[in-house]
Amino acid sequence: MTEEPYEPAHDARRPHLAVIQAVITELAERSAGRPVPEVVDDLERSLADRGLPRQPHNWVLAVAQEAASGHMYVESEEAVRDAAELLHRDPVELLHRDDRTPGR
């Protein structure tokens, strides 16, 4: 078995992705049934409140549409596990929600 190459960019992005996933998780919990433009504003505000840079509009719209539909957009399983730790939640519960939507 060959060893995966070390990717320092991945390690540097991991905490950033965990915070993004935490924002997405919280957004999904409070956004079912809300109008998408309202959820877009909520997502952008929540990201800014966490000190995160502005995200591409298409990504923001996709995340907001999923949240408004009652689904959680998932960046990666690793990001969900890290976000669960930040939110003091059970990662298994977040990872195995029936309504999650795989990310990019």
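Up top is the structure.
Okay, so let's go over this structure. Every chain begins its residue count from 1, and numbering advances along the sequence as written. In keeping with the model being predicted, local features are shown solely for residues with a pLDDT of at least 70 and side-chain atom pairs are shown and tallied solely at 80 or more, while totals for entire chains, interfaces and linings include all residues. Computation of side-chain values: all heavy atoms of the structure, hydrogens and water removed.

**Observations concerning the pattern of salt bridges**
Okay, step 1: Definition used for salt bridges: Asp or Glu carboxyl oxygen within 4 Å of a side-chain nitrogen of Lys or Arg. Applying the stated criterion across every chain yields a total of 8 salt bridges.
Okay, step 2: Close ionic contact of Arg30 with Asp42 constitutes a salt bridge, the shortest N to O distance being 3.0 Å. With Arg30 in helix 1 (residues 8-31) and Asp42 in helix 2 (residues 36-49), this pair connects stretches of sequence that are 12 residues apart.
Okay, step 3: Note on classification: 1.4 Å probe, protein chains only; a residue is buried when its accessible area is under 20% of the maximum for its type, exposed when over 50%, partly exposed between these limits. Accessibility expressed as a relative area gives 9% for Asp42, which makes it buried. Comment: elements are numbered from the N terminus, with helices defined as DSSP H or I runs of at least four residues and strands as E runs of at least two.

**Quick look at the environment of Arg89**
Okay, step 1: Here Arg89 is to be found in the loop between helix 4 (77-87) and helix 5 (91-95).
Okay, step 2: When its relative accessible area of 32% is taken as the criterion, Arg89 is described as partly exposed.
Okay, step 3: Contacts are assigned to residue pairs with any non-hydrogen atoms lying within 4.5 Å of each other. With near-sequence residues (within four places) excluded, Arg89 lies in contact with Thr25, Glu29, Ala84 and Leu94.
Okay, step 4: Throughout this description, a polar contact denotes any pair of N or O atoms lying within 3.5 Å of each other; where both atoms belong to protein, one of them has to be capable of donating a hydrogen while the other can accept it, and for residues adjacent in sequence the pair is counted only when both atoms sit in side chains. A polar contact is formed between the side chain of Arg89 and the side chain of Glu29, at a distance of 2.5 Å.

**Some thoughts on the packing of aromatic side chains**
Okay, step 1: Only Phe, Tyr and Trp rings are paired, with Trp represented by its six-membered ring, and only when their centres lie within 6.5 Å; those with planes under 30 degrees apart are stacked, over 60 edge-to-face, the remainder tilted. Here the structure, examined in full by the defined rule, presents 1 aromatic pair.
Okay, step 2: Seen from their ring centres, Trp59 and Tyr73 are 6.0 Å apart, and the 85 degrees between their planes marks the pair as edge-to-face. With a gap of 14 residues between them, Trp59 in helix 3 (residues 57-68) and Tyr73 in strand 1 (residues 72-74) connect regions that are remote in the sequence.
Okay, step 3: For Trp59, a relative accessible area of 6% gives the class buried.

**A short note on the packing of helix 2 against helix 3**
Okay, step 1: Every angle, taken between N-to-C directions, lies between 0 and 180 degrees, and every axis is a line fitted to C-alpha atoms, over only the stretch in contact when it is a helix. With their axes 9 Å apart at the nearest point, helix 2 and helix 3 run at an angle of 115 degrees to one another. The hand of the helix 2/helix 3 crossing is right-handed. Where helix 2 approaches helix 3, its residues Val36, Val39, Val40, Leu43, Glu44 and Leu47 are matched on the opposing element by Trp59, Val60, Leu61, Val63, Ala64, Gln65, Ala67 and Ala68.
Okay, step 2: Of the residues belonging to the contact of helix 2 with helix 3, the class tally is 12 nonpolar, 1 polar and 1 charged. Should the near helix be turned anticlockwise from the far one by less than a right angle, the crossing is left-handed, and should it be turned clockwise, the crossing is right-handed. Any residue that is not Ala, Val, Leu, Ile, Met, Phe, Trp, Tyr, Cys, Pro, Asp, Glu, Lys or Arg is counted as polar, Gly included; the first ten are nonpolar and the last four charged.

**Describing the nonpolar core**
Okay, step 1: Throughout, nonpolar core names a set of buried Ala, Val, Leu, Ile, Met, Phe, Trp, Tyr and Cys residues whose side chains join them through atoms within 4.5 Å. Counting 23 residues, the largest nonpolar core has Ile24, Leu43, Leu47, Trp59 and Val63 as its most contacted members.
Okay, step 2: Secondary-structure elements contributing two or more residues to this core are helix 1, helix 2, helix 3, strand 1 and helix 4.
Okay, step 3: Other than its neighbours up to four places away in sequence, Val63 contacts Ile24, Leu27, Leu43 and Tyr73.

As far as function goes, none of this settles anything; it's purely spatial.
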